Amino acid sequence: MAKPGKIRPILTVPDPRLKTVSEPVATVTDDTRALMDDMLATMYAAPGIGLAAIQIGVPQRVIVMDLAGEGEDPQPKYFVNPEILDPADETLPYQEGCLSVPDIYDDVERPQSCRVTYLDYDGKRVTEDCEGLYAVCIQHEMDHLEGIVFLDHLSRLKRERAIKKVMKAEKLKASA
Ligand SMILES: [Zn+2]
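As the structure is a prediction and not an experimental result, all values here were calculated from the model.

Bringing the overall build of the chain into the picture now. Summing up its helical and strand segments, the chain has three helices and seven strands in all. Ordered by position from N to C terminus, the α and β elements of the chain give α-β-β-β-β-β-β-β-α-α. At 16 Å, the chain has a C-alpha radius of gyration in line with the 16 Å of a compact globule built from 176 residues. Considered along the principal axes of its C-alpha atoms, the chain spans approximately 40 × 40 × 35 Å. A buried classification covers 32% of the 176 residues belonging to the chain. Considering only intrachain contacts with a sequence separation of at least 6, the fraction spanning at least 24 residues in the chain is 64%.

Quick look at the structure:
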């Protein structure tokens, strides 16, 4: 059973730690669960729909997500060592955002469906089909585990402009 977690600071671009390739988790332990509790609390507080451990500076292959709609009960999901299987040949654009790239949104083209296999909160193996927002979100979060942010899928010009904007906003926040 999940416990209330602590809210941790979220890294923003161009923090070099976001380029880290995260390491697999050897076994899902109470420490892993405490990390996932903190990640979920941090994601809800932001608020966001997905978060990878590296976004709070922990280079482990762990993701949390909640795709519940407005007014629905929370549906937290926990992914340890996730792997994408069978990405569709057909791609779809979706306007993505990221807690590490606040207030920037742009279209990213990704396979429209895939499968994902992972260990859950209790360390049990789960394999699921993903489509729609689930497919977008899991592929976006998987990128984080490889040190990739969604800006890396955009043109260099758009990427540099976005990073400048984020740096400026973070500087203002720090001096406020
Ligand atoms: Zn992200």
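This part takes up the sheet that holds strand β3 (residues 76–85). Strand order in the open sheet formed by five strands is β1-β2-β3-β6-β7, and the pairing between neighbours is antiparallel. Each having just a single partner strand, β1 (50–52) and β7 (125–131) make up the two edges of the open sheet. Taken pair by pair, the neighbouring strands of this sheet meet at an average axis angle of 40°, ignoring direction.

All right, on to the environment of Ala2 then. Position of Ala2 relative to the elements: it lies in the segment before α1 (30–45). For the pair Ala2 and Tyr121, spaced 119 residues apart in sequence, the C-alpha to C-alpha distance is 8.0 Å. Sequence-distant contacts of Ala2, defined by excluding residues within four places in its chain, comprise Asp37, Leu40, Pro76 and Tyr121.

A cis amide bond, omega 5°, links Val13 with the succeeding residue Pro14. Mapped onto the elements, Pro14 comes out in the segment before α1. Residue Ala46 is joined to Pro47 through a cis peptide bond whose omega torsion reads -10°. Locating Pro47 in the fold gives a position in the loop between α1 and β1.

In this section: helix α3 (residues 156–175). Taking 1.5 Å of rise per residue, 20 residues should cover 28 Å, and α3 covers 29 Å from first to last C-alpha, within 8% of that figure. Those residues of α3 that sit buried are Arg159, Ala162 and Val166. Summarising the axial view, the buried residues of α3 lie within an arc of 65°, below the 170-degree limit, and thus occupy one face. The outward face of α3, more than 90 degrees from its buried face, is lined by the exposed residues Arg156, Leu157, Lys164, Lys168, Lys171, Leu172 and Ser175. The secondary structure elements touched by the buried residues of α3 are β5 (101–111).

When you tally the buried positions in strand β2 (residues 62–66), you get four out of five residues, the bulk of the element. Relative to β2, β1 is paired through three bridges, and the arrangement is antiparallel. Across the sheet, residue Ala52 finds its bridge partner in β2, namely Ile63. Where β2 and β3 come together, five bridges link them in antiparallel fashion. Its bridge partner lying in β3, Asp66 is registered against Pro76.

Before going further, it helps to spend a moment on the pairing of strand β6 (residues 113–119). Summarising the sheet, β3 and β6 pair through four bridges and their orientation is antiparallel. From the neighbouring strand, Ile84 faces β6, where its bridge partner is Val116.

Further remarks concern the nonpolar core. Soluble globular proteins tend to pack their nonpolar side chains together in the buried interior. Formed by 37 residues in total, the largest nonpolar core has its most connected members in Met36, Met39, Ala53, Val62, Val64, Val101 and Val149. Residue assignment for this core shows that the elements contributing at least two residues are α1, β1, β2, β3, β5, β6, α2 (132–145) and α3. In this structure, Val101 is in contact with Thr12, Val13, Val149, Phe150, Leu151, Ala162 and Val166, ignoring residues within four places of it in sequence.

The rules we used
- Residues numbered from 1 in each chain as written.
- Predicted model: local features only at pLDDT ≥ 70, side-chain atom pairs only at ≥ 80, totals over all residues.
- Helix = DSSP H or I, 4+ residues; strand = E, 2+ residues; numbered from the N terminus.
- Rg over C-alpha atoms; globule rule 2.2 N^0.38 Å.
- Buried ≥ 20, exposed ≤ 12 C-beta atoms within 10 Å, placed from the backbone.
- Contact = placed C-beta atoms within 7 Å.
- Pairing = 2+ DSSP bridges.
- Axes fitted to C-alpha atoms, helices over the stretch in contact; angles between N-to-C directions.
- Expected span 1.5 Å × (residues − 1).
- Arc of directions from axis to C-beta.
- Core = buried A, V, L, I, M, F, W, Y, C linked by C-beta atoms within 7 Å.

Note that every value here comes from positions in space, so none of it alone points to a role or purpose.
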